[in-house]
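Here is how the chains run, residue by residue.
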Amino acid sequence: MKKMIDVDFGSSRYDELVKLRYKILLEPLGLKFLDMHRAKEANYLHIGCIESLDDKLIGGLILAPVDNETIRLMQVAVDTKYQGEGIGHQMVKYAEKRAKEAGYTKIVMHAMLSVVHFYETMGYVQEGDIFEESGITFAKMVKDL
């Protein structure tokens, strides 16, 4: 069984989440996780997905406040062994719920083109032109909560 949890910044669970994000999102692109980014993450909401049987972190994401109404969904990662099981969908739904509870009315994200359809099926819409950042092509996507 899978369980969604809030992850405290700086905790050992947070360190696991950073490692998972690196393994799934950055390493395949030849990018490094720079410790200077950690300080910025102190004010973010970190969400993890735990495999209840062995308490293993198998997925996670970040919600980063943009302003009083908008929060940004970032770094959605699911361990490769668990991809295709609907965990990403469950995590995004949980993140939307947490964002709404915190008073946000809109979620934005920069989605790699390979996952745009996934987010469209969850009610996100593409906004503006496709753009490139660090050699990766993205679409800005938004959803009202």
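The text that follows walks through the structure, step by step, so that each part is easy to find. Bear in mind the structure is a predicted one, so any value in this text is a computation, not a measurement.

**Some thoughts on the overall build of the protein chain**
Check the secondary structure of the protein chain and you find four helices and eight strands. Going from N to C terminus, the protein chain has its helices and strands arranged as β-α-α-β-β-β-α-β-α-β-β-β. For 145 residues, the compact-globule estimate of 2.2 N^0.38 gives 15 Å, and the C-alpha radius of gyration of the protein chain, at 15 Å, lies within 12% of that figure. Taking the intrachain contacts of the protein chain between residues at least 6 apart in sequence as the baseline, contacts between residues at least 24 apart amount to 60%. Accessible surface computed for the protein chain: about 8000 Å², of which carbon and sulfur atoms make up 52%. Once the 19 positive and 22 negative side-chain charges of the protein chain are each reduced to a mean point, those two points are 3 Å apart.

**Examining the nonpolar core**
Leu-63, Leu-73, Tyr-119 and Tyr-124 are the most contacted members of the largest nonpolar core, which has 26 residues in total. Among the secondary structure elements, those contributing two or more residues to this core are strand S2 (45-51), strand S3 (56-65), strand S4 (70-78), helix H3 (87-101), strand S5 (106-112), helix H4 (116-120) and strand S8 (136-144). The element that contributes the greatest number of residues to this core is H3, accounting for six residues. In this structure Leu-63 touches Tyr-44, Leu-45, Ile-47, Ile-71, Arg-72, Leu-73, Ala-95 and Ala-99, once residues within four positions along its chain are discounted. In terms of nonpolar packing, the next biggest core, distinct from the first, is built from 11 residues, Ile-5, Val-7, Leu-25 and Ala-77 among them.

**With respect to the packing of aromatic side chains**
Taken as a whole and assessed by the stated rule, the structure comprises four aromatic pairs. For the ring pair Tyr-119 and Tyr-124, a centre distance of 5.7 Å and an interplane angle of 80° mean the geometry is edge-to-face. Under the relative-accessibility criterion, Tyr-124 is labelled buried at 2%. Centre to centre, the rings of Phe-131 and Phe-138 are 5.8 Å apart; their planes meet at 25°, and the pair counts as stacked. By relative accessible area, which is 24% here, Phe-131 ends up partly exposed.

**Things to note about H3**
Across its 15 residues, H3 extends 21 Å between first and last C-alpha, which sits within 8% of the 21 Å expected from 1.5 Å per residue. Every buried residue of H3 is accounted for by Ile-87, Gly-88, Met-91, Val-92, Tyr-94, Ala-95, Glu-96, Arg-98 and Ala-99.

**A word on the side chain of Thr-70**
The residue Thr-70 is located in strand S4 in this model. Setting aside residues no more than four positions away along its own chain, Thr-70 makes contact with Pro-65, Tyr-104, Lys-106 and Val-108.

**Side note on helix H1 (residues 12-26)**
Over its 15 residues, H1 extends 20 Å from the first C-alpha to the last, a length consistent with the 21 Å expected when each residue adds 1.5 Å. Taken as a whole, H1 has its buried residues at Arg-13, Tyr-14, Leu-17, Val-18, Leu-20, Arg-21, Ile-24, Leu-25 and Leu-26. Buried residues in H1, looked at end-on, bunch into an arc of 165°, giving them a common side. Among the exposed residues of H1, those oriented more than 90 degrees off its buried face are Ser-12 and Lys-19.

**Remarks on the pattern of salt bridges**
Under the criterion given, the structure shown has 13 salt bridges. Notably, a salt bridge pairs Lys-143 with Glu-96, separated by 3.2 Å at the nearest N-O pair. A residue pair is termed long-range when its members are at least 10 positions apart, and Lys-143 in strand S8 and Glu-96 in helix H3 qualify at 47 residues. The buried category is assigned to Lys-143, whose relative accessible area is 13%. Under the relative-accessibility criterion, Glu-96 is labelled buried at 7%.

About the criteria used
Residues numbered from 1 in each chain as written. Predicted model: local features only at pLDDT ≥ 70, side-chain atom pairs only at ≥ 80, totals over all residues. Heavy atoms only, no water. Helix = DSSP H or I, 4+ residues; strand = E, 2+ residues; numbered from the N terminus. Rg over C-alpha atoms; globule rule 2.2 N^0.38 Å. Contact = heavy atoms within 4.5 Å. Areas by Shrake-Rupley, 256 points an atom, 1.4 Å probe, with all protein chains shown as cover. Lys, Arg positive; Asp, Glu negative; His and termini not counted. Charge placed at Lys NZ, Arg CZ, Asp CG, Glu CD. Core = buried A, V, L, I, M, F, W, Y, C linked by side-chain atoms within 4.5 Å. Buried < 20%, exposed > 50% of the residue type's maximum accessible area, 1.4 Å probe, protein only. Phe/Tyr/Trp six-rings, centres within 6.5 Å; stacked < 30°, edge-to-face > 60°. Expected span 1.5 Å × (residues − 1). Arc of directions from axis to C-beta. Salt bridge = Lys/Arg side-chain N within 4 Å of Asp/Glu carboxyl O.

These figures come from the coordinates and say nothing about function on their own.
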